[in-house]
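Spelled out from the first residue to the last, the chains are:
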Number of protein chains: 2
Amino acid sequence: MSRIHISEVGPRDGLQSIARVMPLDAKKAWIAAEAAAGVPEIEVGSFVPPSLLPQMADTAELVAFARGIEGLAVAALVPNLKGAERAIAAGAQKISMPFSMSETHSLKNVRKDHAAVIAEIRAIAALVAAQPEETRPHFEIGLATAFGCTIEGVVSEEAVVRLAVASIEAGAVEVGLSDTTGYANPAQVKRLVRKVKAAVGDSRLNTLHLHNTRGLGLANALAGLDEGITTLDSSLGGLGGCPFAPGASGNIVTEDLVFMLAAMGYETGIDLDKLLKVRAIVAEALPGEPLYGFTPDAGLPLGFGKVAA
Amino acid sequence: MSRIHISEVGPRDGLQSIARVMPLDAKKAWIAAEAAAGVPEIEVGSFVPPSLLPQMADTAELVAFARGIEGLAVAALVPNLKGAERAIAAGAQKISMPFSMSETHSLKNVRKDHAAVIAEIRAIAALVAAQPEETRPHFEIGLATAFGCTIEGVVSEEAVVRLAVASIEAGAVEVGLSDTTGYANPAQVKRLVRKVKAAVGDSRLNTLHLHNTRGLGLANALAGLDEGITTLDSSLGGLGGCPFAPGASGNIVTEDLVFMLAAMGYETGIDLDKLLKVRAIVAEALPGEPLYGFTPDAGLPLGFGKVAA
């Protein structure tokens, strides 16, 4: 069966959503253990000003550390051109910039309207294009609040399609759809993936970034798989959430997601037994922090991997 | 869009899985509140010997009480002919008997091999057929451990198909597929629903009974919907679980399931705001008991129910 690419975003989306700062050594241990379990890509942090997010102050060091791990793709989030410059200087192989489909959310979060964000995308694309081919990062736009916004409510699908096209025209290589607020449902996921793929081209939308805020995370992932999504962001232990969404739990849980994919026969390259052991590293570094997921408690089914007659 | 029938099984599957006995008045309040929220069917208890499950000792009283609620379909679980006699005497409109697809599990649980269970189905079907038409209950077989067993591991799909056919031939009106152990994955759900429907006829398999043991419950429900499943069992707050599956959480969560269905545009006849308030009744009657689900904490999305452009 086909291969699904897992991008672990816990060290970025998870850690930026909790107040405590995870020590650098614990972050390194986490990243190294997940890579050793076969996770092919990790978003190790965010290049935002440390004054805003002290949890992410060591992102450059983490990029350098993670680049030393054979076979791992090292991703980082950037909020703007300045962040992109820092990410490229640090050696990130993939840079991802969020672009909020809700203009109100965009103004509140990064004080930019849609036109200003598109100008920023164009500037980053020029910077990326100016890099030598062998160190040129993959530049992706995360279409945030694509399924609804905690400030605006319903987000127009026509607007998402239009802004996805504008992002590609401004020079992004790919767009991804982000359910920042945990508003998505499977029918909506199918519909929006189909519409955006039709507008930007099949190969320009591969990624879903989902939260499990209302428990629908894996059902939404399944809906995405049905529409040809091949990359899923997730967070070990479901760490993290959106600070603007009260009661929001974090990203979909890497452990449960990988279990689902493996059970369905998808290849992920990930060793589930090894992955389940990584949780202890996070739990030890963040005592008392809620971790989500069911597979870690339940364990793998008896006879898992054997084929039924 | 199409209508999905929700069967609340918390008062049976949830309460039989916890040691404490919920007082009769609290059970009545729970059942009345869920019916008032529009839940069309409730499995109010199980006709097992009270010496085995004291939590279910008041099932006959609950059937009588629930029968007084206009528009509510009243279901009860029966382990055998004797239970069916009691259920019919009490006035249950639907009786459901579990039939474990794993013969080891069946022997351990009810001390019957498959042939003995089929003989029991035949006896119950005769009893049901002998009832006057206006009080004749709907007789369904729940194909338990259909997706795997904690004792046998993998369960043969060919065996599930064969035993589903045998159940119908023995006089059951319908079969349902039960993921008793929380082993199911969406690909397996699709495959097995398709195979069983093909063997017994489309109208003879409508129901999935799912647990959220590994977090895949709603994804499995979605897979079932894709294959024409129209009835889903669920439990308020995800109460309950399988005592033979260590670490197993309970059934899929009614609140999250109904949110998913409503968000997708399915009709359930259930008022979500009212449903979310029922949880307080269960929480108050069972202080400290873990309740699952995300929608109750997160609340409904801003603008929920409005259509996106």
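Reading the values: the criteria
- Residues numbered from 1 in each chain as written.
- Chains lettered and ligands numbered in written order.
- Predicted model: local features only at pLDDT ≥ 70, side-chain atom pairs only at ≥ 80, totals over all residues.
- Helix = DSSP H or I, 4+ residues; strand = E, 2+ residues; numbered from the N terminus.
- Rg over C-alpha atoms; globule rule 2.2 N^0.38 Å.
- Buried ≥ 20, exposed ≤ 12 C-beta atoms within 10 Å, placed from the backbone.
- Contact = placed C-beta atoms within 7 Å.
- Least-squares fit on C-alpha atoms with pLDDT ≥ 70 in both.
- Expected span 1.5 Å × (residues − 1).
- Arc of directions from axis to C-beta.
- Pairing = 2+ DSSP bridges.
- Axes fitted to C-alpha atoms, helices over the stretch in contact; angles between N-to-C directions.
- pLDDT = per-residue confidence, 0-100.
- Right-handed = clockwise from strand over helix to strand, strands pointing away.
- Nonpolar A, V, L, I, M, F, W, Y, C, P; charged D, E, K, R; others polar.
- Parallel < 35°, antiparallel > 145°, perpendicular 65-115°, else oblique.
- Core = buried A, V, L, I, M, F, W, Y, C linked by C-beta atoms within 7 Å.

Draft legend 1. How the structure looks around the overall build of chain A. The number of helices and strands found in chain A is 12 helices and eight strands. For chain A, whose C-alpha radius of gyration is 18 Å, the value lies close to the compact-globule estimate of 19 Å for 309 residues. By its C-alpha atoms, chain A is 55 × 40 × 40 Å across when sized along the principal axes. Within chain A, the proportion of its 309 residues that are buried is 55%. A separation of at least 24 residues holds for 73% of the contacts in chain A among residues at least 6 apart in sequence.

Draft legend 2. The relation of the copies chain A and chain B, seen in detail. With an RMSD of 0.0 Å, the operation that places chain A on chain B is a rotation of 180 degrees combined with a shift of 0.0 Å along the axis. Taken together, the rotation and translation describe the operation of a two-fold axis. Among all residues of chain A, the minimum C-alpha distance to the rotation axis is found for Ala219(A), at 2.0 Å.

Draft legend 3. Geometry of helix α8 (residues 186-200) of chain B. Here α8(B) is 15 residues long and its end C-alpha atoms lie 21 Å apart, about the 21 Å a rise of 1.5 Å per residue gives. Of the residues making up α8(B), those classed as buried are Pro186(B), Gln188(B), Val189(B), Leu192(B), Val193(B), Val196(B), Lys197(B) and Val200(B). Buried residues of α8(B), viewed axially, fall in a sector of 150 degrees; they line one side. On the buried face of α8(B), the contacting elements are α9 (217-226) and α10 (254-264) of chain A together with α7 (157-169), β6 (174-178), β7 (205-209) and α9 (217-226) of chain B. Residue Gly201(B) follows α8(B) closely and has a positive phi angle near 100 degrees.

Draft legend 4. Region of the structure containing the sheet that holds β7(B). All names here are of chain B. Around the barrel, eight strands lie side by side as β1-β2-β3-β4-β5-β6-β7-β8; this closed barrel has parallel pairing. Strand-to-strand, the axes of this sheet are offset by a mean angle of 25 degrees, without reference to chain direction. Set on the sheet, helix α3 (residues 59-67) makes contact with β2 (41-46) and β3 (73-77); between it and β2 the angle comes to about 160 degrees. Along the sheet, α7 contacts β4 (94-100), β5 (138-144) and β6; its crossing angle with β5, the most-contacted strand, is approximately 165 degrees.

Draft legend 5. Highlighting the confidence of the model for chain A. All names here are of chain A. Confidence in the prediction for chain A averages 95 pLDDT; 96% of positions are at 70 or higher. This stretch, residues 242-247, has a pLDDT under 50; its non-local contacts, to residues over four places away or in other chains, come to 13 contacts. Scored as a complex, the prediction yields pTM 0.97 and ipTM 0.96.

Draft legend 6. Representation of the pairing of β5(B) in the model. Residue and element names in this part refer to chain B. Of all seven residues in β5, six are buried, a share of seventy percent or more. Across seven bridges, the pairing between β4 and β5 is parallel. Pairing of Phe99 across the sheet is with Leu143, part of β5. In terms of strand pairing, β5 meets β6 through four bridges, oriented parallel. Counted as the bridge partner of Gly142 is Gly176 from β6. In this region the chain leaves β5, passes through α7 and returns to the parallel neighbour β6; the handedness of that crossover is right-handed.

Draft legend 7. View of the sheet that holds strand β1 (residues 5-8) of chain A. All names here are of chain A. Strand order in this closed barrel of eight strands is β1-β2-β3-β4-β5-β6-β7-β8, and the pairing throughout is parallel. Averaged over all pairs of adjacent strands, the angle between their axes in this sheet comes to 25 degrees, without regard to strand direction. The strands that helix α6 (residues 114-129) touches are β4 (94-100) and β5 (138-144); relative to β5, the one it contacts most, it runs at about 165 degrees.

Draft legend 8. Quick look at the environment of Tyr183(A). Inspection of the secondary structure puts Tyr183(A) in the loop between β6 (174-178) and α8 (186-200). On the neighbour-count criterion, Tyr183(A) (29 C-beta atoms within 10 Å) is buried. Taking the C-alpha atoms as reference points, Tyr183(A) and His211(A), separated by 28 residues in sequence, lie 8.5 Å from one another. Not counting residues within four places of it along the chain, the set of residues in contact with Tyr183(A) comprises Phe147(A), Gly148(A) and Pro301(B).

Draft legend 9. Structural context of the interface of chain A and chain B. Between chain A and chain B, the contact holds 44 residues from the first and 44 residues from the second. Sorting the residues of the side of chain A that touches chain B by element identifies α7 (157-169), α8, α9, α10 and α12 (295-298) of chain A as the ones contributing at least two each. In the side of chain A that touches chain B, the residues fall into 22 nonpolar, 16 polar and six charged.

Draft legend 10. View of the environment of Ser46(B). Residues and elements named next belong to chain B. Counting through the fold element by element, Ser46 comes out in strand β2. Separated by 34 residues in sequence, Ser46 and Arg12 place their C-alpha atoms 6.1 Å apart. The contact partners of Ser46, leaving out residues within four places of it in the chain, are Arg12, Gln16, Leu53, Met56, Thr59, Ala76 and Leu77.

Draft legend 11. Structural view of unusual backbone geometry. The phi dihedral of Arg111(A) is positive, around 50 degrees, even though this residue is not glycine. Secondary-structure assignment places Arg111(A) in the loop between α5 (103-110) and α6. Unlike most non-glycine residues, Thr145(B) shows phi in positive territory, near 50 degrees. Looking at where Thr145(B) falls in the secondary structure, it is placed in the loop between β5 and α7.

Draft legend 12. Spatial organisation of the packing of α10(A) against helix α11 (residues 272-285) of chain A. Residues and elements named next belong to chain A. Where α10 meets α11, the closest approach of the two axes is 10 Å, and the angle between their N-to-C directions is 170 degrees. Here α10 is positioned roughly antiparallel relative to α11, judged by the angle of their axes. Packed against α10, whose contacting residues are Thr254, Glu255, Val258, Phe259 and Ala262, the element α11 presents Leu272, Leu275, Leu276 and Arg279 at the interface. Taken together, the residues of the contact of α10 with α11 sort by class into six nonpolar, one polar and two charged.

Draft legend 13. Structural view of the nonpolar core. In terms of nonpolar packing, the biggest core is built from 178 residues, with Ala76(A), Leu143(A), Leu218(A), Ala76(B), Leu143(B) and Leu218(B) touching the most fellow members. Setting aside chain neighbours within four positions, we find Ala76(A) in contact with Glu43(A), Val44(A), Gly45(A), Ser46(A), Phe47(A), Thr59(A), Val63(A), Ala87(A), Ala92(A) and Ile95(A).

Draft legend 14. Representation of the pairing of β6(A) within the structure. Residue and element names in this part refer to chain A. The element β6 is largely enclosed, with a buried count of five among its five residues. Because side chains alternate across β6, one face comprises the buried residues Glu174, Gly176 and Ser178, and the other comprises Val175 and Leu177, equally buried. Pairing of β6 with strand β7 (residues 205-209), which is carried by four bridges, proceeds in the parallel orientation. What sits directly across from Ser178, in β7, is His209. Taken together, β6, α8 and β7 form a β-α-β motif whose crossover is right-handed.

Draft legend 15. Looking closely at α6(A). All names here are of chain A. Compared with the 22 Å implied by 1.5 Å per residue over 16 residues, the 22 Å span of α6 between its first and last C-alpha is a close match. What α6 keeps buried is the set Val117, Ile118, Glu120, Ile121, Ile124 and Ala125. Buried residues along α6 cover an arc of 155 degrees about the axis, so they all sit on one side. Exposed residues lying more than 90 degrees from the buried face of α6 are Ala115 and Ala126. Against the buried residues of α6 lie α4 (81-90), β4, α5, β5 and α7.

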